[in-house]
Amino acid sequence: MIKVSGIKVPAAEGKKFIKRHAARVLGVKPEDITALEVLKESVDSRKKPDVYFIYTAAVGLREGVTPRGRFETYVPDKYTPVTGAFPPENRPVVVGMGPAGLFAALTLAEGGVPCTVIERGQPVEQRDRDVNRFWSSGKLDTESNVQFGEGGAGTFSDGKLTTGTNDPRIGYVFRRFAEFGAPEEILYLAKPHIGTDRLKTVVKNIREHLISLGCDIRFGSKFTGFSTDENGLNSVQIQDKDGVYELKTRHLILAPGNGARDTFRMLHDHGVRMEPKSFAVGVRIEHLQRDIDMTQYGEAATLGTLPASSYKLAVHLTSGRGVFTFCVCPGGSVVAASSETGGVVTNGMSDFARDGKNINGGLLVSVTPADFDGLFGGMEFQAELERSAFRHGGGAYGAPAQLVKDFLGRRPSTDHGRVAPTYRPAVRFCNLWDVLPGFICEAIAEALPLMNRKIRGFADGDAVLTAAETRSSSPVRILRDENYGASVPGIYPCGEGAGYAGGITTSSVDGIKCAEKILESLK
Ligand SMILES: Cc1cc2nc3c(=O)[nH]c(=O)nc-3n(C[C@H](O)[C@H](O)[C@H](O)COP(=O)(O)OP(=O)(O)OC[C@H]3O[C@@H](n4cnc5c(N)ncnc54)[C@H](O)[C@@H]3O)c2cc1C
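Calculation notes
Positions within a chain are numbered from 1, following the residues in the order the chain's sequence is written. Restriction of local features to residues with pLDDT of at least 70 applies here, the model being predicted, together with a cutoff of 80 or more for giving and counting side-chain atom pairs; totals for whole chains, interfaces and linings are based on all residues. As a rule here, side-chain values come from all non-hydrogen atoms in the structure, and water together with hydrogens is ignored. Ring pairs shown here join Phe, Tyr and Trp side chains whose ring centres sit within 6.5 Å, with only the six-membered ring taken for Trp; geometry is labelled stacked below 30 degrees between planes, edge-to-face above 60, and tilted in between. Put simply, DSSP H or I for four residues or longer makes a helix, DSSP E for two residues or longer makes a strand, and each gets a number counted from the N terminus. Relative accessibility decides the category of a residue: with a 1.4 Å probe and only protein chains considered, values under 20% of the type maximum give buried, values over 50% give exposed, and everything between is partly exposed. Ring-over charges, as used throughout, are those where CZ of Arg or NZ of Lys falls within 6 Å of the ring centre and within 35 degrees of the ring normal. Definition of nearness: a residue and a molecule or strand are near each other if at least one heavy atom of the residue lies within 4 Å of the molecule or strand. Polar contacts, as counted here, are pairs of nitrogen or oxygen atoms within 3.5 Å of one another; within protein the pair requires one atom able to donate a hydrogen and one able to accept it, and residues that are adjacent in sequence qualify only if both atoms are side-chain atoms. Using a 1.4 Å probe, accessible areas were evaluated by the Shrake-Rupley method; residue-level cover was limited to the displayed protein chains. Residues are sorted three ways: Asp, Glu, Lys and Arg are charged, Ala, Val, Leu, Ile, Met, Phe, Trp, Tyr, Cys and Pro are nonpolar, and all the rest, Gly among them, are polar. Residue ranges assigned to the domains are those given by an automatic or database domain assignment.

### Comments concerning the packing of aromatic side chains
Under the counting rule described, the total for this entry stands at 12 aromatic pairs. Centroid distance Phe279 to Phe372: 5.8 Å. Interplanar angle 15°. Geometry classified as stacked. Here Phe279, found in strand β12 (residues 279-288), pairs with Phe372, found in the loop between β17 (358-367) and α8 (377-392); they are 93 residues apart in sequence, far enough to count as distant. One exposure class covers both Phe279 and Phe372, and it is buried. Centre to centre, the rings of Phe324 and Phe326 are 6.3 Å apart; their planes meet at 85°, and the pair counts as edge-to-face. With a relative accessible area of 25%, Phe324 lands in the partly exposed category. Exposure remark for Phe326: the relative accessible area of 30% places this residue in the partly exposed category. Joined through ring pairs, the aromatic side chains of Phe279, Phe372, Phe381 and Phe439 make up one cluster. The positively charged end of Arg480 is found above the aromatic ring belonging to Tyr484, 4.0 Å away from the centroid. Lying across the ring of Tyr484, Lys517 places its NZ or CZ 5.3 Å from the centre.

Written as structure tokens, this is what we have:
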């Protein structure tokens, strides 16, 4: 097979005509192509209204047929999992069943070392009921919610898998997701996503596979402390509904996500070294999907062949702050993602079909450790924003919201216009300048017109801003050495909460890497 890139197919035609266009690039007849596997699909809408699908494909040609020009041989990307480890006397423990913990457990178990997995939240079926009850009634379960539970923070998400990083494990992660029930198209789309509806099945399938490999999975179980001896970690304390007990172990993969504030404090009290890090806070911005589609695709948006469009925007302000869009959810909804009593947190999710009326994205302002005092200054800042949003949202997990035109005019909104907000249980219209700190509002107000120059309609007066988005990344980093060990030997900090990943894909990859370090030490 040879690798052929730059196969351009008009949006009106779509993927089923790819063979014809691949033949044109190769200078052969379509019937000379005996095999064609799409490796990558993206959309090029730079010259609207002419919008194209752009493909890279692995192509097989009939014997004796030579393409015009030079094409490299297709070599599939390869990742070889670590094998050959011997299970230790006491099983490794993995804390957290988000992408990092799941892939760490999978790597350990498939490497011959079954582990015990500790998750404070509930299995995805129960969690789904708890989350839906919260969205419909405002009754929050602080241990089973959009942050905590099987699948981690990504379960109620768009399941976007895009990442700016490069690692041979990325393709492997996608293949495993597909094997466990994610749509096959994630294997070739330039901007792959799974959708929350499909993710729930994927997560459940991974759990069942882990159990079949001998893993012991304990839900409703919180990691609350640990003890050490002269060799480092020797046990972890777990709290469940019956009380606190101890598990002997020399290996702990710690993947608690970025919302586990009590866990960060406990680790600090136990002498685990960490440092504050930069993160970002702001709001969700919500538009009509068809408006953004028209801006991104022009008239081609009406063809019905193109996926729901998205955007990615970033501006640097004269103040030195960056404002950027984050975790955009086409055809999705803004979700209540609280995990603490008296705090409102927003985020976004979509189904695989991305067929909702609105598109929403985080609109975030960067903040750095210089903005706060102390190790947990950033974490306290996040929590204070969440409490402010709770108060201004009416005190029952409603979220404060404002139309862009009113935000820019610094006057309260009283109702929505063309864009009906999707946040549940409800939004409360107000003046976000009373909710968020002045420097955050000023940065967003300065950024909106600049972003509107890049995407017409981005600062549409009727677009809705909903506060507060605070958990886009971790405010602390748990320090680790080149072998991924923390300051306490035997603890392996991992994933987004530990400060080493941002998003589902990189968290999964980090989980694999931490597990590899343990497997290598057990050879
Ligand atoms: C609504 C929403 C939408 C998102 N959309 C996307 C998206 O489309 N694409 C993307 O790439 N990223 C998205 N993200 C971010 C993504 O979910 C995270 O980057 C990713 O889940 C981090 O993985 P993780 O395994 O490090 O941590 P998490 O997924 O946060 O998992 C940590 C787990 O640890 C458990 N835990 C915490 N403390 C303890 C303890 N003491 N004891 C036992 N268990 C504990 C938690 O309950 C949780 O299940 C979204 C996040 C949210 C909230």
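### Notes on unusual backbone geometry
Peptide bonds are trans in most cases, and residues, glycine excluded, mostly fall at negative phi. The peptide bond linking Arg424 to Pro425 adopts the cis configuration, its omega dihedral lying at 15°. Ala467 connects to Ala468 through a cis peptide bond whose omega is 0°. Within the fold, Ala468 resides in strand β20 (residues 464-469). A positive phi is found at Cys327, a non-glycine position, where the angle reads about 50°. Along the chain, Cys327 falls in strand β14 (residues 322-329). Positioned with a positive phi, Tyr484 is a non-glycine residue whose angle comes to about 70°.

### Thoughts on the site of the ligand
In the vicinity of the ligand lie 38 residues, with Ala100, Glu119, Ala153, Glu496 and Ile504 positioned nearest. Here an oxygen atom of the ligand and a backbone polar atom of Gly149 are 2.9 Å apart. Within the side chain of Ser507, an N or O atom sits 3.4 Å from an oxygen atom of the ligand. In the complex, 96% of the free accessible area of the ligand, which totals 990 Å², lies under the protein chains. Residue assignment for the shell around the ligand shows that the elements contributing at least two residues are α2 (99-110), β7 (222-229), β16 (346-349) and α11 (504-521). Of the residues contributing to the shell around the ligand, the split by class is 16 nonpolar, 16 polar and six charged. Mapped onto the domain boundaries, the shell around the ligand takes at least three residues apiece from domain 2 (93-275 + 478-521) and domain 3 (278-469).

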